[in-house]
Structure formats: C-alpha cells, structure tokens
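Observations on chain architecture
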Amino acid sequence: MLKIKNSYNVIGVMSGTSLDGVDLCFSNFSYENQDWKFIILVSDTVPYDKSWITKLTNAHSLSEIELKELDLEFTLYLSKIILSFIHKNQISNIDFISSHGHTVFHEPKKQITYQIGNRVELNNLTNLPVVCDFRIQDVQLGGQGAPLVPIGDLLLFSDYSHCLNLGGFSNISVKSNNNIIAYDICPVNIVLNKYSRSIGFEFDMEGQISKSGNINKHLLKELNEISYYHLTHPKSLGLEWVENKIFPLIDSFKISVEDILRTYVEHIAIQISNNLKGDNLKILISGGGSKNKFLMERIKQLSKKNLEIISENITDYKEALIFGFLGVLRIRNENNCLKSVTGADKDHSSGVIFE
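Bear in mind the structure is a predicted one, so any value in this text is a computation, not a measurement. (Residues numbered from 1 in each chain as written. Predicted model: local features only at pLDDT ≥ 70, side-chain atom pairs only at ≥ 80, totals over all residues. Heavy atoms only, no water.)

1. Comments concerning the packing of aromatic side chains
Our working rule: Aromatic pairs are defined between Phe, Tyr and Trp rings, using the six-membered ring for Trp, whenever the two ring centres lie within 6.5 Å; interplanar angles under 30 degrees are classed as stacked, those over 60 as edge-to-face, and all others as tilted. What counts as a helix is a DSSP run of H or I of at least four residues, what counts as a strand is a run of E of at least two, and both are numbered from the N terminus. Relative accessibility under 20% of the residue-type maximum defines a buried residue, over 50% an exposed one, and the middle range a partly exposed one, all with a 1.4 Å probe and only protein chains included.
Scanning the entire structure with this criterion turns up 13 aromatic pairs. Between Tyr8 and Phe96, the ring centres sit 6.4 Å apart and the planes meet at 70 degrees, which makes this aromatic pair edge-to-face. Of this pair, Tyr8 sits in strand E1 (residues 7–15) while Phe96 is found in strand E4 (residues 96–99), placing the two residues 88 residues apart along the sequence. As far as burial versus exposure is concerned, Tyr8 and Phe96 are alike and both buried.

What follows is the structure, encoded as structure tokens:
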C-alpha cells in the first residue's frame, strides 16, 4: 500500500487527441501549510511515428478483439517509453507513475469512455506502482469524465481566474472564490492537424498555412451555429463528435486546405473569445495550440484579453503535470474529480491503482 505523506515524486504521462506524442513529466508535489506546490524536474515528449498515428487515428473503428490487442500493444509501448525516459535522465526515487492513457471512445451520454494503455502490464513491466484510468468512475457516476485538469488548476494554479488549454480540444477552467467550473470549448489541433497532414505537414507551424488562406464566411457561419456551443456546462467533446459534426461539414465545402485552416482558426478564436467575458481576468494559457502564433493573435484581437504563458515547460507539460497530481490525490484518497466540473453525482477520488 502506497504511503500517505507530504511529498511525492511522480512521472505523469499524457497522450492527447492531437496525436503530437507522449508527454512525460517527472515532478515533485509537496503539501505545506495547507497548500500544494510543484516542481517540474524533468520533462520530454516522444513524438508518434506515422504507424502509431495511423493506429491511434483508426482505433475507434476496430473490432472488440482488435481493440484489446491494440490496448496491450499501446501499454507495452508506453512502458518502453517510460523506462527509456527514466534511464536517459537517470531518474531515481520515483513514488509512482500516473498515466492518462490514450482516449479512443468518449461518449458520456451513453456512459462510454475508454482509454487504452491503462493495463496492469504497465505496472509489471516498469516495476513501479501505477495510477491510471481516471475517467471511467466519473462517467459511471453520471459525469462527463472530462475535463479532469481543473482540480490541478484549482490547487496548483490558484493565482489565475481562468486556465485555458489549447490541445486537441480547447478547454477552460473558471474559478470563483473556492469554486470552479470547467468544460470543453471547441476542437482545436484535432482539426488543424488533420488538414495540415492532408498536404504533407504534421501541423501548421506558427499558423503560417492558415494565415495564407481566406475565410469562407458560409463555412464559418455554419461552424458557429453548431448546437454544442449553445449548451451550458457541464459539457465535453470527443473524437466521435468531431467526425460526425465537424469533418463532414468542412469537407462539404470543397475549398482549399489553406481556406479551411484560415476559416477554422477564426472559428476557434470566436468560440474562445465568447468564453472570456468579464473584466480583470487573469488567464493562464497552455497546450500546443499556444505555439500557433496566428491563432494566438486572433484570440487576443477578438477577446481583447491578455493571455499569460508562464513558461515553456508548463505550456508544454501542464496536462502531464496535472495527471501526475491526480495520481497523488488518488493515492491520498482525496477528491480529484469535481461534480461542479463534470456534473457527476458527487465529488470523488478516481483512478485505478496497480502496486
């Protein structure tokens, strides 16, 4: 049984829907004077090669047997990446690994959420305790199972009124007193990367491709009229929703990739600015999308808000860091899923522990 103490050294592992790669973040979390502190000690990203991008992109269309085989294969792959990270950086004194896995299905209305890479083999092969599979319990309790990062926003980044993440999807945490709400705003890199790849680029470097295109006003209007944007929280998005709602709509317009990207960047900027209302907001921004200079320019221009990036380490590894922290809270049996965020029946401590 893992001990409850006031300092933990944890490897947080995150694979996001944008398929950039596996983020690893070795951090220390300490509890002092009723307050949590963190230090990122070592971090790295292992990019996916083309074969893994293909496997993960197509995972949701596999049969049950094929998906179980992929789940095992991905778990073995994660264990190799983690062991290599430990060896390369000569890391010792690790309390446990805390891993998000990779989301294949997320349809909370149907009580479905499934992340591969959360098998006991991760514990067996690394010979380290593992905390994983954070979403399923929340969905079983009637919640969205997402977003899960807000508990970290509340306890680790308490100086900010808003924490905005631009990853595969954009999500936001909004704090008021000691309460927090959070939800997914719209798809970001899951769309931008798909169309960039269609013309031979892994992503749109600094937004150069989108900047060269023109806005298609009809497409923009239809994107902004999608019903999800008018729902109140709690709400979350998944790949299935993007494949049903976003891709068919974009593809029906038969326009150039440059114009698709330009129009979609404008759509993202509009949706995010719609969710940054009010005065004296202190906004922390993170995620790969924050490196898209053109997207950031459009968000700033439309929202008329200042977006603060603390450091590149936090920008790149905030999700891996916070999934490490979710593991700490789970080990301590403290709440890491908040009903105010997910809509679950109650606050709870979620995650499977393999020791």
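2. Structural notes on the side chain of Ser98
As a reminder of what qualifies: Any two residues whose heavy atoms approach within 4.5 Å at even a single point are treated as in contact.
Inspection of the secondary structure puts Ser98 in strand E4. Filtering out sequence-adjacent residues up to four positions away, Ser98 remains in contact with Val10, Ile11, Gly12, Val13, Val131, Phe134, Phe323, Gly324 and Gly327.

3. Comments concerning the side chain of Thr315
Tracing the chain through its elements places Thr315 in helix H12 (residues 312–331). For Thr315, a relative accessible area of 5% puts it in the buried group. Once you skip the residues sitting within four places of it in the chain, Thr315 turns out to touch Ile285, Ser286, Gly287, Ser290 and Ile309.

4. A short note on a nonpolar patch on the surface
Which entries qualify depends on this criterion: Residues forming no salt bridge and having over 30% relative accessible area are the ones grouped into patches, like charges within 9 Å of each other and nonpolar side chains (Val, Leu, Ile, Met, Phe, Trp, Tyr) within 5 Å. To be clear on the numbers: accessible area is Shrake-Rupley with a 1.4 Å probe, and residue cover counts the displayed protein chains and nothing else. We define a salt bridge as a contact between a side-chain nitrogen of Lys or Arg and a carboxyl oxygen of Asp or Glu at a distance within 4 Å.
A surface patch of nonpolar side chains, about 210 Å² in accessible area, is lined by Leu72, Leu76 and Leu125. Position of Leu72 among the secondary structure elements: in helix H2 (residues 64–88).

5. Brief notes about the pairing of strand E8 (residues 162–166)
Note the following rule: Paired strands, as defined in this entry, are two strands with at least two bridges between them according to DSSP.
In terms of residue burial, E8 counts as a mostly covered element, since 5 of its 5 residues are buried. Of the two faces of E8, the one holding His162, Leu164 and Leu166 and the one holding Cys163 and Asn165 are both buried throughout. One ladder, built from 5 bridges, connects E8 with strand E9 (residues 169–176); its direction is antiparallel. Bridge pairing in E9 places Asn165 opposite Asn171. Hairpin connection between E8 and E9: a loop of 2 residues separates the two successive antiparallel strands. Note: E8 against strand E11 (residues 283–286), 4 bridges, orientation parallel. When the bridges of E11 are listed, His162 appears paired with Ile283.

6. Structural notes on unusual backbone geometry
Cis peptide bonds are those with omega within 30 degrees of zero, and the linkage from Ala146 to Pro147 qualifies with -15 degrees. In this structure, the amide linkage connecting His233 to the following residue, Pro234, adopts the cis form with an omega of 0 degrees. For Asn127, which is not glycine, the phi dihedral falls at a positive 60 degrees. The residue Asn127 is located in the loop between helix H3 (121–126) and strand E7 (130–132) in this model. The class for Asn127 is exposed, based on a relative accessible area of 68%. The phi dihedral of Lys254 falls on the positive side, at around 50 degrees, and the residue is not glycine. Structurally, Lys254 is set in the loop between helix H9 (239–251) and helix H10 (257–274). With relative accessibility at 74%, the residue Lys254 sits in the exposed group.

7. A few points about the nonpolar core
Convention followed: Put simply, buried Ala, Val, Leu, Ile, Met, Phe, Trp, Tyr and Cys residues joined by side-chain atoms within 4.5 Å make one nonpolar core.
Of all hydrophobic cores here, the largest spans 43 residues; its most connected members are Leu166, Val191, Ile246 and Ile250. With 8 residues, the single largest contributor to this core is H10. Apart from the residues lying within four places of it in its own chain, the contact partners of Leu166 are Val188, Asn189, Ile272, Ile285, Ser286, Gly287, Gly288, Gly289, Ser290, Leu295, Met296 and Ile299. By size, the runner-up hydrophobic cluster in this structure holds 36 residues, among which are Val131, Phe134, Phe157 and Phe323.

8. Considering the pattern of salt bridges
Side chains carrying opposite charge are able to pair once their charged atoms draw close together. By the definition in use, this model includes 16 salt bridges. Lys55 is paired through a salt bridge with Glu73; the nearest N and O atoms lie 2.6 Å apart. Of this pair, Lys55 sits in helix H1 (residues 50–57) while Glu73 sits in helix H2; the two residues are 18 residues apart in sequence, bridging distant segments of the chain. By relative accessible area, which is 30% here, Lys55 ends up partly exposed. Residue Glu73 is classed as partly exposed on the basis of its relative accessible area, which comes to 34%. The partner of Lys110 in a salt bridge is Glu107, with the nearest N and O atoms 3.2 Å apart. The exposure class of Lys110 is exposed, given its relative accessible area of 56%. Glu107 sits in the partly exposed class, given a relative accessible area of 24%.

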